[in-house]
Amino acid sequence: MKARKYERFAQARRPRSTRLREILAYPDIDADGAAFVFSPAEPPRTGGAASDDTLLDAYSNAVVRAVEAVGPSVVRIHPMLDDPRVQGVGSGFAIAPGGLILTNSHVVQGAARFVVITAEGRSLTARCVGDDPDTDLALLRLDQKADLPVARLGDSKALRRGQLVIAIGAPLGFEATVTTGVVSALGRSLRGERGRLIEDLIQTDAALNPGNSGGPLVASNGEVVGIATAVIAGYQGLCFAVASNTASFVIAQLLRHGHVRRGSIGLVAQQAPIPSGLAKATGVTQGYAVFVAQVDAGGPAAKAGVREGDLLVSAAGAPLTGLDDLLRALDHHSIDKPAAFVLIREGRLMTVTITPRARRRG
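Residues numbered from 1 in each chain as written. Predicted model: local features only at pLDDT ≥ 70, side-chain atom pairs only at ≥ 80, totals over all residues. Heavy atoms only, no water.

## Focus on the overall build of the chain
The secondary structure content of the chain amounts to eight helices and 20 strands. The buried share of the chain, reckoned over its 362 residues, is 43%. A separation of at least 24 residues holds for 60% of the contacts in the chain among residues at least 6 apart in sequence. With an accessible surface of roughly 20100 Å², the chain has 53% of that area assigned to carbon and sulfur atoms. (Helix = DSSP H or I, 4+ residues; strand = E, 2+ residues; numbered from the N terminus. Buried < 20%, exposed > 50% of the residue type's maximum accessible area, 1.4 Å probe, protein only. Contact = heavy atoms within 4.5 Å. Areas by Shrake-Rupley, 256 points an atom, 1.4 Å probe, with all protein chains shown as cover.)

## Comments concerning the pairing of strand E5 (residues 123-132)
As paired strands, strand E4 (residues 113-117) and E5 are joined by five bridges and run antiparallel to one another. Bridge assignment links Ile117 to a residue of E5, and that residue is Ser123. Joining the antiparallel neighbours E4 and E5 is a turn of five residues, in which Gly121 adopts a positive phi near 95°. Summarising the sheet, E5 and strand E6 (residues 137-142) pair through six bridges and their orientation is antiparallel. Across the sheet, the residue bridging to Ala126 is Leu142, located in E6. Connecting E5 to the antiparallel partner E6 that follows it, the hairpin turn spans four residues, and Asp136 within it adopts a positive phi of roughly 55°. (Pairing = 2+ DSSP bridges.)

## Observations concerning the sheet that holds E6
One closed barrel holds the six strands; their spatial order is E1-E2-E3-E6-E5-E4, and the pairing between them is antiparallel. Taken pair by pair, the neighbouring strands of this sheet meet at an average axis angle of 40°, ignoring direction. The sheet strands contacting helix H5 (residues 244-257) are strand E2 (90-96), strand E3 (100-103), E5 and E6, and the helix crosses E6 at an angle near 55°. (Axes fitted to C-alpha atoms, helices over the stretch in contact; angles between N-to-C directions.)

## Topic: the nonpolar core
The biggest cluster of nonpolar side chains holds 29 residues, and the ones touching the most others in it are Phe93 and Leu102. At five residues, the largest contribution of residues to this core is made by H5. Among residues more than four places away in sequence, those in contact with Leu102 are Gly92, Phe93, Ile95, Leu137, Ala138, Leu139, Gly214, Ile227, Ala247 and Ile251. Residues Ile265, Val295, Leu320 and Ile354 belong to the second largest nonpolar core, which totals 19 residues. (Core = buried A, V, L, I, M, F, W, Y, C linked by side-chain atoms within 4.5 Å.)

## What about the confidence of the model for the chain?
With 79% of its residues at a pLDDT of 70 or more, the chain shows a mean pLDDT of 83. Low pLDDT, under 50, characterises residues 17-41; the stretch is placed with six contacts to residues that sit more than four places away or in other chains. (pLDDT = per-residue confidence, 0-100.)

## What to know about the side chain of Asp325
Checked against the element boundaries, Asp325 lands in helix H8 (residues 323-329). Assessed through its relative accessible area of 15%, Asp325 is described here as buried. Ignoring anything within four residues of it in the chain, the contact list for Asp325 reads Lys157, Pro319 and Leu320.

## With respect to the pairing of strand E11 (residues 224-231)
In the case of a regular strand, side chains alternate between the two sheet surfaces. When you tally the buried positions in E11, you get six out of eight residues, the bulk of the element. Sheet topology note: the strand E10 (residues 216-219)/E11 ladder contains three bridges and is antiparallel. Of the residues in E11, the one forming a bridge with Pro216 is Ile227. The turn linking E10 back onto E11 is made up of four residues, and Gly222 within it adopts a positive phi angle of 85°. Strand direction decides the pairing type here: E11 and strand E12 (residues 239-243), joined by five bridges, are antiparallel. Bridging from a neighbouring strand, Val231 pairs with Cys239 of E12.

## Quick notes on H5
Given a rise of 1.5 Å per residue, 14 residues ought to cover 20 Å, and the 20 Å separating the end C-alpha atoms of H5 matches this to within 8%. All buried positions along H5 are accounted for by Ser244, Asn245, Thr246, Ala247, Phe249, Val250, Ile251, Gln253 and Leu254. Just downstream of H5, Gly258 is the residue with a positive phi angle, here 85°. (Expected span 1.5 Å × (residues − 1).)

## Concerning the environment of Ser334
Within the element layout of this structure, Ser334 appears in the loop between H8 and strand E18 (339-345). Residues Ser334 and Ser264, 70 residues apart in the sequence, show an inter-C-alpha distance of 8.9 Å. Once you skip the residues sitting within four places of it in the chain, Ser334 turns out to touch Gly263, Ala329 and Pro356. Polar contacts involving the side chain of Ser334 include one to the main-chain carbonyl oxygen of Asp331, which spans 2.7 Å. (Polar contact = N/O pair within 3.5 Å; in protein donor to acceptor, adjacent residues only side chain to side chain.)

## Re the pattern of salt bridges
For the coordinates displayed, the defined rule picks out ten salt bridges. For Arg262, the salt bridge goes to Asp134, with nearest N and O atoms at 3.5 Å. In this pair, Arg262 sits in the loop between H5 and strand E13 (263-264) while Asp134 sits in the loop between E5 and E6, placing the two residues 128 residues apart along the sequence. According to the relative accessible area criterion, Arg262 is buried, its value standing at 3%. A salt bridge links Glu223 to Arg152; its shortest N-O distance comes to 3.2 Å. Of this pair, Glu223 sits in the loop between E10 and E11 while Arg152 sits in the loop between E6 and strand E7 (164-169), and the two are 71 residues apart along the sequence. In this structure Arg152 comes out as partly exposed when scored by relative accessible area, which is 48%. Residues joined by salt bridges that share partners form a network here, namely Asp132, Asp134, Arg262 and Arg359. (Salt bridge = Lys/Arg side-chain N within 4 Å of Asp/Glu carboxyl O.)

Written as structure tokens, this is what we have:
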């Protein structure tokens, strides 16, 4: 009896022959006589989802193309210091024909001349055209005629968090080193080694090390979107780069004046999104504005009635969607000239008149 019980149990677990016949007997000829062929060894395709290998190849190809486009323009910079015991190294890259090289201001401090090592290994010398510690940017010009490949500055305003970026430089003196990461945040502010507030920084987790300073941060399309400037020691993934839009403004000023002449309204600010409800209530169409974090007592902004927490929307009719827009609004033309600033405060639009003053050098 026990044996019959197990036999019935085994029969119940066997697939029914009628169901098997239904599957095998499924019509393989349609009404027009076309045959359907099924291959039991090959599972059906699910709509072309990319495999891990395909995605990895696409990622690698994007990095390789960007490095091939910008890498030849990257150089290693050695300041020629009076004290031979003091060794320094930084990075830079050519931005225009004639040997014009963009790097960091802190790389050039304390030196008048520099040894520049190209990607091909050539050793050249250069002098400083001008530097701007407020943005940690500086320009060098080669003493010799050298036809260096030129990198193209892109639009940093088009960056988005999570976007792929590639850092190229000479960390620890190893030239042509490449690291990758993503844009972690935009519109950051950071105080430099000498206490200056560097604004409109790109935060990235692309690894930067001593010697990377002044090297390019490159988007996957081969355009430079940032200039490596700082690393938070002891914290992995906290690296910063000056936005390329800020660099474009600074380059023009350095070439014209040797330093950056700009106005000041006496505040500390950062880029901030405008909440959709607030934008709808005020009729503002732009997605970002300039958030006022601190107002200097007695400064032009304070005299005009600007308060902490205000959102600056426009200056002299030009929209302020980030700190680079504010820097442009406070160029040398703005000094001592009253300008209308539109701001949002407590859900209402307001207009104040601010007269920028000349910003003190250093």
